[in-house]
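# Summary of the model geometry
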Amino acid sequence: RGDVVTGQGDILVEGEEGRIAVGLAYDPRSDQLWVAGGPTGQAYVYDADSGENLATYQLSDPEEGGTFVNDVVVTLSGAYFTDSFRPVLYRVPLSIGAEPPAEDEVEVDVIELTGDYEFVEDAFNTNGIDAPFGGGVVLIVNSTLGSLYWVEPDTGRAVEIDLGEDTMTNGDGILLDGGTVYVVQNQLNQIAAVQLDPSLLSGGVARVITHDNFDVPTTVGEYHDYLYAVNARFGTQPEPDTQYSIVRVRK
């Protein structure tokens, strides 16, 4: 956890054997941090002040085919997770102001993606996820096809957003900001600012944001007029002293 101005900070949650942290979502109502667990098929919930592990949920079984729980968004009704290797969303139901449900009592909803959604076998599919306040719909990106979809969370029915000739190939983390969707295109080292029409069902790339310090950015956060892109450095062999960074750019 660090200061967005100075970069100064410290470790909030220590690394733990057998765990992987991928997408993150902060819930300000409960001051909790929700974490997608990648190939473990798990989700973790931490106290955002102390780093204490409040809950662990098994969303999918890694032994029953490939799974990669990639990203998460928290809405009024639940925490929604994507799986890049399965055409589903996972939902951990939530009540407003309540603590996360007990691990042995919760029933995780597995929501099959239907409608316009296309799934490519043996490829990295659904990646980033976000939602407008309230979460009546959620927004997802398919990294391989470069498609954006609105999804009805109760039914899983997906409606593709018509982007014309634009494509969000290598789309990773996404950020919905009013009528603009910022899509991090990791291997392309850029962020596409997609301006949606008033119907929200079509749009196009209004601007492509680049920076000399981008090194395979994978996800993005915001603070006032700035975006904060996290460099994953996939092309660099990680060592104990490998340096990582967050790059700040204007919206």
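The following paragraphs examine the structure supplied in this document. Every chain is numbered on its own, with residues counted from 1 as its sequence reads. Whole-chain, interface and lining totals are the exception, using all residues; otherwise, since this is a predicted model, local features are given only for residues with pLDDT of at least 70 and side-chain atom pairs are given and counted only at 80 or more. Each side-chain value is derived from all of the structure's non-hydrogen atoms; neither hydrogens nor water enter the calculation.

The criterion is simple. A nonpolar core is a set of buried Ala, Val, Leu, Ile, Met, Phe, Trp, Tyr and Cys residues joined through side-chain atoms within 4.5 Å. Type-normalised accessible area, obtained with a 1.4 Å probe on protein chains alone, sets the label of each residue: buried when under 20%, exposed when over 50%, and partly exposed for intermediate values. Of all hydrophobic cores here, the largest spans 19 residues; its most connected members are Trp34, Tyr57, Leu59, Ala79, Phe81, Tyr90 and Val92. What counts as a helix is a DSSP run of H or I of at least four residues, what counts as a strand is a run of E of at least two, and both are numbered from the N terminus. Contributions of two or more residues to this core are made by β2 (32-36), β3 (42-47), β4 (53-58), β5 (69-74), β6 (78-83) and β7 (88-93). Any pair of residues with heavy atoms lying within 4.5 Å of one another is described as a contacting pair. The contacts of Tyr57, once residues within four sequence positions are left out, are Trp34, Gly41, Gln42, Ala43, Val45, Val92, Pro100, Pro101, Ala102, Glu103 and Val106.

Now for the sheet that holds strand β20 (residues 246-250). We treat two strands as partners when DSSP finds at least two bridges between them. Across the sheet, which stays open at both edges, the 3 strands sit in the order β18-β19-β20 with antiparallel pairing between neighbours. With one partner strand each, in any of the chains shown, β18 (217-223) and β20 form the two edges of the open sheet. Taking each pair of neighbouring strands and ignoring which way they run, the sheet shows an average axis angle of 30°. Relative to strand β19 (residues 226-231), β18 is paired through 6 bridges, and the arrangement is antiparallel. Across the sheet, residue Tyr223 finds its bridge partner in β19, namely Tyr226. Working convention: axes come from line fits to C-alpha atoms, limited for helices to the stretch in contact. Angles between N-to-C directions cover 0 to 180 degrees.

A separate point is the pairing of β4. Moving residue by residue along a regular strand, the side chains alternate between the two faces of the sheet. Pairing analysis gives 5 bridges linking β3 to β4, with the strands arranged antiparallel. Residue Tyr46 lies in a different strand from β4, and its bridge partner there is Asn53. Linking two consecutive strands that pair antiparallel, namely β3 and β4, is a turn of 5 residues; a positive phi of about 85° is found at Gly51 within it.

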